[in-house]
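Structural description and commentary
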Amino acid sequence: MGKIEKKKDGIHLDRRSFLKGAALGLAGIALPLNKADASLWESLLQKHFKEMNDAEIKQVLGRLEREYEEKYKKEIKVGNEKALPGVLFGYGLDLSRCIGCRTCVYACVEENNQSKDPQIHWISVLRFKKGEKWVDLEESEKYYNPEKVPEDEYFYMPVQCQQCENPPCVRACPTQATWKEPDGIVVVDYNWCIGCRYCMAACPYGARHFNWTEPGRKPEEINPRTHYLGNRPRYKGVVEKCTFCIQRTRNGRYPACVEACPVGARKFGNLLDPNSEIRYAIEHKRVFRLKEDLNTNPKFYYFFAYGR
Amino acid sequence: MKKRMKSGCILTLVVCLAIIGLPLIAGAEERDIPKKFFVPPPPFSPGIFPCSQCHQGMPVNRHPRKLEMHQEIASNLKHMPGGWCFDCHNPDNRDKLRLANGKLVSFEESYILCGQCHGTILREWKAGLHGKRTGMWNGDKQYRLCVHCHWPHEPRFKAIKPFPPPVKPTDIK
């Protein structure tokens, strides 16, 4: 312990105490405690999301709402709906119906507050030539742009986060800013992400996207119903991904892409409920999962409801 | 003796399985009880329904012929080419549809009519697999009638213009 000794010739500081005091003093100069900076201090000292209790989370949500209001000049609600008990979300996509129209892609952008410039899409629709070896994803076309879809000689496969039961991205994260929730959704805490992009390298599905700049989106285009772990406005330098529309699905609603799909190719439900649509699909159709051989165990099932 | 015990065991097992299985089969039947599906009203062309507003009092002519009204449908019937109106529409009360067995169904329940031929699709529609659902994954769902997506006289989906492709990395300035 450093001691301040009062000697005859004045106050004597040992080196350690002196350095401590100097460091604190410098920090104080660098971050003066006015009103705006109080928020900065709070965000700097914020605990990991899973270590916070309800009161602390509420405080954080309040701080974020104040920050967003100041930034976007509109009220944005940041929710923290918890995972419903006995629920494990699963997704089904009927490849025999998908027409590749990308309606889901843009419905997702509207719902989830992605940056429009630079553009971030959580769903990529891949086009494959019929009758060829198509599991070779690198041969697929993402930028197809015909006059009309579907085209006779192609079929389409939308790819988004597969919500793996064994997610490689989570293991790659050095700060535990991403994890799997009890209902199976893999989430990112944008306040904890340091932007190293290890998770993007680890993801075999290209489902994670990085904010290279401050997200470009007009304030009036921002969806004000958000979730802390979902579609709340993001920062420059953080990774984001599909969350099965956590802000909707944890309130019982279908994800935005399910409701947008004009051909009803997208199915969603509780894998633990034997009467759910997704269970019906798994039990009655031939389903497959993308890159099953990687042992990621996705909860995203592709199937062909109509053999043709 | 050992053999007899073995066969006795198998018999008991079969009986047990049957007892367990029976309620399962009964349960499966229960699911088939017709239930009301929450569907929006049928997508009529504006002003066309009720059909009786014009057809009331018209003499019923069941013979295929050139029509003064609806000829564009009759001559372009892509659904069952060679068919005729009364394969589905009811000649005596035009506000209803008519099943093959003579029963009448309302336009709100037209899926029953479609299901006469497309039984497997109807089964999947009821289960929530075929067609679009909106609403709550764990609660009230909005179903859609077959005719909301498939125009009954030409049911194949029309091709649509896709949304623009994503920006290529090479096009980012």
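Definitions and limits used
Residues numbered from 1 in each chain as written. Chains lettered and ligands numbered in written order. Predicted model: local features only at pLDDT ≥ 70, side-chain atom pairs only at ≥ 80, totals over all residues. Heavy atoms only, no water. Helix = DSSP H or I, 4+ residues; strand = E, 2+ residues; numbered from the N terminus. Buried < 20%, exposed > 50% of the residue type's maximum accessible area, 1.4 Å probe, protein only. Contact = heavy atoms within 4.5 Å. Arc of directions from axis to C-beta. Salt bridge = Lys/Arg side-chain N within 4 Å of Asp/Glu carboxyl O. pLDDT = per-residue confidence, 0-100. Pairing = 2+ DSSP bridges. Core = buried A, V, L, I, M, F, W, Y, C linked by side-chain atoms within 4.5 Å. Patch = residues over 30% accessible without salt bridge, like charges linked within 9 Å, V, L, I, M, F, W, Y side chains within 5 Å. Areas by Shrake-Rupley, 256 points an atom, 1.4 Å probe, with all protein chains shown as cover. Phe/Tyr/Trp six-rings, centres within 6.5 Å; stacked < 30°, edge-to-face > 60°. Lys NZ or Arg CZ within 6 Å of the ring centre and 35° of its normal. Axes fitted to C-alpha atoms, helices over the stretch in contact; angles between N-to-C directions. Buried area = accessible area lost by both parts, 1.4 Å probe. Polar contact = N/O pair within 3.5 Å; in protein donor to acceptor, adjacent residues only side chain to side chain. Nonpolar A, V, L, I, M, F, W, Y, C, P; charged D, E, K, R; others polar.

Looking now at the overall build of chain A. The number of helices and strands found in chain A is nine helices and 14 strands. In terms of principal-axis extent, the alpha carbons of chain A reach across some 100 × 40 × 35 Å. Each of the 308 residues in chain A was classed as buried or not, and the buried ones make up 50%. Expressed as a percentage of contacts within chain A between residues at least 6 apart in sequence, the contacts between residues at least 24 apart total 65%.

With that settled, the discussion passes to the environment of B:V167. Mapping B:V167 onto the fold places it in the segment after α6 (146–149). With residues near it in sequence (within four places) discarded, B:V167 still touches A:Q119, A:Y143 and B:I172.

Residues and elements named next belong to chain B. Turning to helix α5 (residues 119–127), its buried residues number three or more, namely L122, E124 and W125. Angular distribution of buried residues about the axis of α5 spans 165°; they occupy a single face of the element. The positive-phi residue at the C-terminal boundary of α5 is G128, with phi of around 95°.

Turning next to the pattern of salt bridges. All names here are of chain A. In total, this model carries 24 salt bridges over all chains according to the counting rule given. Of the charged contacts in the structure, one is a salt bridge between K77 and E75, with a shortest N-O distance of 3.5 Å. On the basis of relative accessible area, K77 is assigned to the partly exposed category, the value being 46%. The shortest N-O distance in the salt bridge between E165 and K299 comes to 2.5 Å. Placement of E165 in the loop between β6 (154–159) and α5 (168–172) and of K299 in the loop between β13 (287–288) and β14 (300–303) is noted, with a sequence separation of 134 residues between them. Sharing partners across several salt bridges, the network here consists of E110, K116, R217 and E221.

Residues and elements named next belong to chain B. For chain B, per-residue confidence averages 82 on the pLDDT scale, and residues scoring 70 or more make up 79% of the total. Summarising per-element confidence for chain B, the mean pLDDT is lowest in helix α1 (residues 2–30) (51) and highest in strand β1 (residues 96–98) (95). Between residues 22–33, whose pLDDT stays under 50, and residues either more than four places distant or in other chains, the model counts two contacts. With pTM at 0.82, the complex prediction returns an ipTM value of 0.84.

With that out of the way, let us pick up the pairing of strand β12 (residues 266–270) of chain A. Residues and elements named next belong to chain A. When you tally the buried positions in β12, you get five out of five residues, the bulk of the element. Here five bridges tie strand β4 (residues 89–94) to β12, and the two strands are oriented antiparallel to one another. Across the sheet, the residue bridging to Y91 is F268, located in β12.

Following A:V149, the chain continues to A:P150 via a peptide bond in cis, the omega torsion being 0°. Note that A:P150 resides in the loop between β5 (124–129) and β6. Going from B:F49 to B:P50, the amide bond is cis rather than trans, its omega being 0°. Structurally, B:P50 is set in the loop between α1 and α2 (52–55). In the Ramachandran plot, A:N113 falls in the positive-phi region, its phi being about 60° despite a non-glycine side chain. In this structure, A:N113 sits in the loop between α4 (103–112) and β5.

This part is about the nonpolar core. Residues and elements named next belong to chain A. If you look at the biggest cluster of nonpolar residues, it comprises 60 residues, and the most contacted ones within it are Y228, F244, F268 and Y302. Taken together, the elements giving at least two residues each to this core come down to α3 (54–72), β4, α4, β5, β6, α8 (256–260) and β14. Of all the elements, α3 adds the most residues to this core, at six residues.

Bringing the pairing of β5(A) into the picture now. Residue and element names in this part refer to chain A. Summarising burial for β5: five of the six residues are buried, a large majority. Looking at chain direction, β5 and β6 are connected through six bridges and run antiparallel. When the bridges of β6 are listed, L126 appears paired with M157.

The next point concerns a nonpolar patch on the surface. A cluster of nonpolar side chains, A:I11, A:L13, A:F18 and A:L19, forms an exposed patch at the surface whose accessible area comes to about 420 Å². Secondary-structure elements contributing two or more residues to the nonpolar patch are β2 (10–13) and α1 (15–30) of chain A.

In the structure shown here, the tally under the stated rule is 22 aromatic pairs over all chains. Judged by centre distance (5.9 Å) and plane angle (65°), the rings of A:Y91 and A:F268 are edge-to-face. A residue pair is termed long-range when its members are at least 10 positions apart, and A:Y91 in strand β4 and A:F268 in strand β12 qualify at 177 residues. Judged by relative accessible area, A:Y91 falls into the buried class, the value being 0%. A relative accessible area of 1% means that A:F268 is categorised as buried. Three or more aromatic residues link up through ring pairs in this structure, and these residues are A:F89, A:Y91, A:F244, A:F268, A:F288, A:F300, A:Y302, A:F304 and B:W137. Its guanidinium or amino end placed over the ring of A:F210, A:R197 lies 5.1 Å from that ring's centre, counting from NZ or CZ. In this structure, A:R234 is placed above the aromatic ring of A:Y190, and the distance from its NZ or CZ to the ring centre is 5.7 Å.

What follows is about the sheet that holds β13(A). All names here are of chain A. If you trace the four strands from one edge of the open sheet to the other, you get β12-β4-β14-β13, paired in mixed fashion. On the outer flanks of this sheet lie β12 and β13, each paired with one strand and no other. Along the sheet, helix α9 (residues 277–284) contacts β4, β12, β13 and β14; its crossing angle with β12, the most-contacted strand, is approximately 110°.

Listed per partner, the contact involves 30 residues of chain B and 44 residues of chain A. Both sides of the chain B and chain A interface together cover about 3300 Å² of buried area, and 60% of this is carbon and sulfur. Area buried by chain B at its contact with chain A is led by B:L129, B:W137 and B:F163, which between them contribute 25% of it. At the junction of chain B and chain A, the tally comes to one salt bridge. Ionic pairing is found between A:K285 and B:E124, a salt bridge with its closest N-O pair at 2.4 Å. On inspection of chain B and its partner chain A, the count reaches 16 residue pairs in polar contact (both at pLDDT 80 or more). Tallying contributions element by element places α5(B) first for the side of chain B that touches chain A, with four residues. Split into classes, the residues belonging to the side of chain B that touches chain A amount to 15 nonpolar, six polar and nine charged.

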